[in-house]
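Breakdown of the fold
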Amino acid sequence: MKKLSENLTSQEFKNAARKAIFAILFFIVSYLILLLLAIGLAGLCGFLGVMLISLKVHWLTLMVGLGLIGMGLIVVIFLVKFIFKRHQIDRSHLIEIKEADAPLLYQSINEIVHQVKTDFPKKIYISHEVNASVFYDSTFLSMIFPVRKNLQIGMALINSVSKNELKAILAHEFGHFSQRSMKVGSYVYTVNQIIYNMLYDNESYGRLISWFASISSYFSFFVSVGIKIIEGIQWILRKLYNVVNLQHLKLSREMEFHADAIAVNIMGTKPFTTSMMRLDLANNSFDNTIRYYEAKIDQNIKPNNIYPQHQFVMNDQAKDANMMFVNGLPNVTTDDFYRYNKSKLVIKNQWASHPSTEDRINAVNNGQYPLGEDDGEPASTLFSNIENLQAAVTDLLFANVTYKANLATDTVEKFKTDYLANFKAKPFPKIFNGYYGHHQPIKMESMPNCSKQQNFDSLFDSSKVELVYRSFSIEADINTLKQIQSGEIDIKSFEYDGIKYQKTDSYELLPMLEKELEETKAAINTNDREIYEYFCCLPSTDGPNLFIEKYETFMQFDHIYDEAVAIYSKAITQTRFIQYTTPFAEIEANLKDFSATELELKAKMRELLSLSEAEEVKADTKQKILSYVEKEKHLYFNFDSYVDAELDILFFALNAYQDLLNQLFLYHKRKLLEEMERLQLSAEQS
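A few points on the structure. (Residues numbered from 1 in each chain as written. Predicted model: local features only at pLDDT ≥ 70, side-chain atom pairs only at ≥ 80, totals over all residues. Heavy atoms only, no water.)

Bringing the packing of helix α10 (residues 269-295) against helix α11 (residues 307-320) into the picture now. Contact pair α10 / α11: the axes reach a minimum separation of 8 Å and the direction vectors enclose 120 degrees. One element, α10, and the other, α11, form an angle in the oblique class. For the element pair α10 and α11, the recorded crossing hand is right-handed. Contacts between α10 and α11 involve R278, L281, A282, N284, S285, F286, N288, T289 and Y293 from the first element and Y307, Q309, H310, V313, M314, Q317 and A318 from the second. (Axes fitted to C-alpha atoms, helices over the stretch in contact; angles between N-to-C directions. Helix = DSSP H or I, 4+ residues; strand = E, 2+ residues; numbered from the N terminus. Parallel < 35°, antiparallel > 145°, perpendicular 65-115°, else oblique. Left-handed = near helix turned anticlockwise from the far one by under 90°. Contact = heavy atoms within 4.5 Å.)

What follows is the structure, given as structure tokens:
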């Protein structure tokens, strides 16, 4: 009886596996030829070395002879050192979970294992992230003897999905557990590790040959010759690496589709697709929660359990995006998923290890699979005491953070209040339908024409919002086509709007897109002009119409913003050399050039902090800037070394300066939009 994984193996998967096998065989043959040549070289060097020493026993012949023998040996050692290398996965961020901790999880996994007809994982671990994966330690012997695989499940993933959705994700991972579907992939993975070891993992080997070279200048000469030979071998290995790695990545993408097919065959397409659609939201909200607590390190605030906070942020973001909730979880629809990406350009990334979420969802929806059911029961119910486990994972997540004083443990209620009041960027009024989410009001030169009749809803309907995001996508597509033309993106063909093009066709397509972008921007400008006239002429029943005043204030700050950004860019450019090894004289000259820009930078920082609206800026942002501007002179380089403490102050201030600009810009933009909202609501009530 065939395994489920074999029944669902596609022809594309089989073709990718065959090509991967050929790549492995090609590597093995090439490697054996290199090894035989190296052994032959070592034998010849050994023979010549012994003959030279026996010809006349003298310190010179002894040094030269031993140098020859050593040169041959270091080449052979280079080619066989990978055998002794063990690739071990870091487990310091993981918590092993036993059956007693989660009997229902083990029961669910046993059911999936039985259905897939594969092996139970060697161990099950919990991590902090929004992820689930299979991993194992590997050596050269992994190509000969099967290795039992471990399962890793992210707590933030558990926090973001239902029980059936988690089971669908785990069924995908157990598709990878199948030995028949993983064997070729593990071979290619091991071959990649071998080549990588010889190309880049040479620290201990480098110490060995450096020690040998340090014994004598004669030995040093032969080591230099040996290194030249090794560089030639590495050139060949790089070519092999590209061939093997390309086939590995193709196979890896097909393995993802294959594992998806297993998952939806067991659990159905519904729980699989709903979980996949939600993962970006879950990831983004978890990152935001982490950033919040990173900003609280100086205040010595740490969560006892970060996961209720994560769930709050995820739900809050979903509400801001007007998402519906199903069984207590955000239901990310296709419209939500593709709202900000209107690109028609499709490039198959041959170097991607995973297909896109879009391709994976399309593949399962186009297949003949059961729909599946989901009662919405939380995935956390699979664990005996989820709160204790979440707290343990949280402790591990913050284990390497250094706090300066006694910790103040944060509560969920404190977090919610502070997050909404002081950390979360206040959303723009919803009446604009997201039109201004990534679009700014533009400067108007002429006076409004109040004789025209405008309709608010038509100014901000879905077609107008589509124009804005379409313009972003066209610009991105134009930039990508230019990269294809210049060779920065090395491809032979691509698709645009469902039509396949060759690389040379980009020269015809690019002018068409540039014309489309020009027309799209013209349509946006026309709409912006009509919006301007609409609000200029809108009567107000609860106070004066302050739209023009707010509009002009925003435009004035927009000019200040552009000046401030120019100074920031100049400062970043002039200090970029600090990241690289630079001669002392050049460092001093560069810092002297920067000193003039630094005066401009500090003056602009003081100007921005003196604005009345700077009262709205976060306290930690202000403090980092003040720590920098209040000190008149900074010493960044002292004789022969950088002064790290001073550089830290500078770069903290530059980051805070960028944050200050963004906060002030958003403040003025929000004030303008809030006035527009007030006027519209007033008009609707009258």
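All right, on to the pattern of salt bridges then. Per the counting criterion, the structure on display carries 22 salt bridges. The partner of R678 in a salt bridge is E675, with the nearest N and O atoms 2.8 Å apart. Note that R678 and E675 are positioned in helix α22 (residues 644-685) at a spacing of 3 residues, about one turn of the helix. Here R678 falls in the partly exposed class, since its relative accessible area comes to 23%. On the basis of relative accessible area, E675 is assigned to the buried category, the value being 6%. Shared partners join several salt bridges into a network, and the residues in it are E256, D260 and R360. (Salt bridge = Lys/Arg side-chain N within 4 Å of Asp/Glu carboxyl O. Buried < 20%, exposed > 50% of the residue type's maximum accessible area, 1.4 Å probe, protein only.)

With mixed pairing, 4 strands are arranged side by side in an open sheet as β1-β2-β4-β3. This sheet does not close on itself; its edge strands, each paired only once, are β1 (95-96) and β3 (132-135). Sheet analysis places β3 next to strand β4 (residues 150-154), joined by 4 bridges and oriented antiparallel. Along β4, the bridge assignment pairs F135 with N150. (Pairing = 2+ DSSP bridges.)

Turning our attention to the environment of N327. Along the chain, the position of N327 falls in the loop between β6 (324-326) and β7 (329-331). Owing to a relative accessible area of 44%, N327 belongs among the partly exposed residues under this scheme. Note: C-alpha distance between N327 and D375 (48 residues apart in sequence) is 7.4 Å. When neighbours within four sequence positions are excluded, N327 is seen to be in contact with D374, D375 and G376.

Such coordinate-based values are descriptive only and should not be taken to indicate function.
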